[in-house]
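A look at the structure
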Amino acid sequence: MEIVLLTVGKTTQSYVQAGIDEFTKRLKRYIPYKIECLPDIKGTKSMTPEMQKEKEGEMILNSLTSADQCILLDEHGTQFTSVEFAGQMQKLMASGRKRGVFVVGGPYGFSKDVYKRADSKISLSKMTFTHEMIRLFFTEQVYRAMTILKGEPYHHE
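A brief structural summary. (Residues numbered from 1 in each chain as written. Predicted model: local features only at pLDDT ≥ 70, side-chain atom pairs only at ≥ 80, totals over all residues. Heavy atoms only, no water.)

Next up on the list: the side chain of S123. In this structure, S123 sits in strand β5 (residues 120-123). Take S123: its relative accessible area is 6%, and that puts it in the buried class. Here the side chain of S123 touches S125 through a polar contact of 2.9 Å, landing on its backbone oxygen. In this structure, S123 is in contact with D74, E75, G77, T78 and Q79, ignoring residues within four places of it in sequence. (Helix = DSSP H or I, 4+ residues; strand = E, 2+ residues; numbered from the N terminus. Buried < 20%, exposed > 50% of the residue type's maximum accessible area, 1.4 Å probe, protein only. Polar contact = N/O pair within 3.5 Å; in protein donor to acceptor, adjacent residues only side chain to side chain. Contact = heavy atoms within 4.5 Å.)

Let us now look at the pairing of strand β1 (residues 2-8). Burial runs high along β1: 6 of the 7 residues are buried. Here β1 pairs with strand β4 (residues 99-104) via 6 bridges, running parallel. Residue pairing in the sheet places L6 in a bridge with V103 of β4. As judged from the 6 bridges shared by β1 and strand β2 (residues 33-38), these two strands associate in the parallel manner. Looking at β2, one finds that T7 is bridged to C37. (Pairing = 2+ DSSP bridges.)

The next subject is the sheet that holds strand β3 (residues 69-79). What links the strands of a sheet is backbone hydrogen bonding, and the strands pair in either a parallel or an antiparallel sense. Pairing is parallel across the open sheet formed by 5 strands, whose spatial order is β2-β1-β4-β3-β5. Every other strand in the sheet has two partners, leaving β2 and β5 as the edge strands with one partner each. Across this sheet, the average inter-strand angle for adjacent strands is 35 degrees, counted without regard to direction. Across 4 bridges, the pairing between β3 and β4 is parallel. Opposite C70, over in β4, you have V101 as the bridge partner. Where helix α3 (residues 82-93) meets the sheet, its contacts fall on β1, β3, β4 and β5, and the angle it forms with β4 comes to roughly 135 degrees. (Axes fitted to C-alpha atoms, helices over the stretch in contact; angles between N-to-C directions.)

Moving on: the side chain of Q141. The topology assignment puts Q141 in helix α5 (residues 131-149). Only 2.8 Å separates the side chain of Q141 from the side chain of S82, close enough to count as a polar contact. The contact partners of Q141, leaving out residues within four places of it in the chain, are S82 and F85.

Right, here's the structure in full:
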């Protein structure tokens, strides 16, 4: 199985990108992992938040296949401890799907159509983070989950 983090917009902060690169490199030992960045919507100043969510939603849906397991990173999703998340990753990897796609929406969240397509939603925290930081936090948590599943000493209880 391949794990994909699908995001709107690119990472512009070099220190965040360095962290993402480090954990992505480490993940190669365990599972195929990549971040797919969709382009930012142009002309958003003349759009309502709802219009922007619809445009981003179209791009997100066009990036998914019917066979993908689609998990939204959403503030209203289920929260897990790192060990619980590792268990969720294990279930996902055993599902027989080719790709597990975790999706980060734009600044206003997801369109109704993206919510309809989603198989589940998870929340990384009750706090709000920048979309760039979420990429780093999520990538580190996937790495942590893999080390937990392998019984390696990265995670401490």
